[in-house]
Amino acid sequence: MAIKYKTKFNERCYSLLVKVPKGKVTTYKEIAKKLNSKAYRAVGNAMNKNPYAPRVPCHRVVNSNGEIGGFASGVKKKIEMLRKEGVDISKKNKIDLKKYLYKFN
DNA sequence: TATTTGACCAAGA
DNA sequence: ATCTTGGCCAAAT
């Protein structure tokens, strides 16, 4: 059975997210901006619900200030995943957005 | 329908 | 640099 889209907004978030390549990250703000909106928080909420768990790389979404942000299954898990994908994270759990930020255009 | 919630962000003290 | 405050928006309750 095909995916049943509850809301368009969330679906757009997921659609954008799957475009983020491995080894890169994006931010809640960038996603919202791409949707012509300022719904940073709504984006975060969408990720938290995360109906499409493994197919949507929600672990590649971080805060605009470079901090990791949150993760439904624990921030620790998120960090490990990112490291596995080649993203270097400093001890303070921060990401160098200059290096790893992916923009949608 | 109204209120609350949240994995946010920017600016101010 | 850290902490607080207010604002922002969609989804869930």
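Refer to the structure printed above.
Residues numbered from 1 in each chain as written. Chains lettered and ligands numbered in written order. Predicted model: local features only at pLDDT ≥ 70, side-chain atom pairs only at ≥ 80, totals over all residues. Heavy atoms only, no water.

A. Structural view of unusual backbone geometry. For Asn-36, which is not a glycine, the phi torsion comes out positive at approximately 55°. Mapped onto the elements of the fold, Asn-36 is located in the loop between helix 2 (28-34) and helix 3 (40-49). Looking at Asn-36, the relative accessible area reads 74%, which means it is exposed. (Helix = DSSP H or I, 4+ residues; strand = E, 2+ residues; numbered from the N terminus. Buried < 20%, exposed > 50% of the residue type's maximum accessible area, 1.4 Å probe, protein only.)

B. Layout of the protein's contact with DNA strand C. Close contacts around DNA strand C come from Thr-7, Phe-9, Asn-10, Ala-39, Arg-41, Ala-42, Asn-45, Lys-49 and Lys-92, and that covers them all. Taking the atoms of DNA strand C that fall within 4 Å of the protein, sugar and phosphate contribute 68% of them. Contact distances for DNA strand C include 2.8 Å between a phosphate oxygen and a side-chain N or O atom of Thr-7. Lys-92 places a polar side-chain atom, nitrogen or oxygen, 3.4 Å from a phosphate oxygen of DNA strand C. Of all the elements in the fold, those that place two or more residues in the surface near DNA strand C are helix 1 (8-17) and helix 3. Taken together, the residues of the surface near DNA strand C break down into three nonpolar, three polar and three charged. (Near = heavy atom within 4 Å. Polar contact = N/O pair within 3.5 Å; in protein donor to acceptor, adjacent residues only side chain to side chain. Nonpolar A, V, L, I, M, F, W, Y, C, P; charged D, E, K, R; others polar.)

C. Spatial organisation of the side chain of Lys-78. Structurally, Lys-78 is set in helix 4 (residues 75-84). Notably, Lys-78 is buried but unbridged: the nearest opposite-charge side chain belongs to Glu-67, and the N-O separation is 10 Å. (Lys, Arg positive; Asp, Glu negative; His and termini not counted. Salt bridge = Lys/Arg side-chain N within 4 Å of Asp/Glu carboxyl O.)

D. Spotlight on the protein's contact with DNA strand B. In the vicinity of DNA strand B lie 15 residues, with Tyr-28, Lys-29, Arg-41, Met-47 and Ser-64 positioned nearest. Among all atoms of DNA strand B positioned within 4 Å of the protein, those belonging to sugar or phosphate total 44%. At 2.8 Å from a base nitrogen of DNA strand B is found a side-chain nitrogen or oxygen belonging to Tyr-28. Measuring from a base nitrogen of DNA strand B, one finds a backbone N or O atom of Gly-70 at 3.1 Å. Only helix 2 and helix 3 provide two or more residues apiece to the surface near DNA strand B.

E. Just the packing of aromatic side chains, in detail. All chains considered together, the criterion is met by two aromatic pairs. With a centroid separation of 4.9 Å and an interplanar angle of 75°, the aromatic rings of Tyr-14 and Tyr-52 are classed as edge-to-face. Linking Tyr-14 in helix 1 with Tyr-52 in the loop between helix 3 and strand 2 (61-62), this pair joins segments that are 38 residues apart in sequence. According to the relative accessible area criterion, Tyr-14 is buried, its value standing at 5%. The exposure class assigned to Tyr-52 is buried, which follows from its relative accessible area of 14%. With a centroid separation of 5.7 Å and an interplanar angle of 85°, the aromatic rings of Tyr-102 and Phe-104 are classed as edge-to-face. Residue Phe-104 is classed as buried on the basis of its relative accessible area of 11%. (Phe/Tyr/Trp six-rings, centres within 6.5 Å; stacked < 30°, edge-to-face > 60°.)

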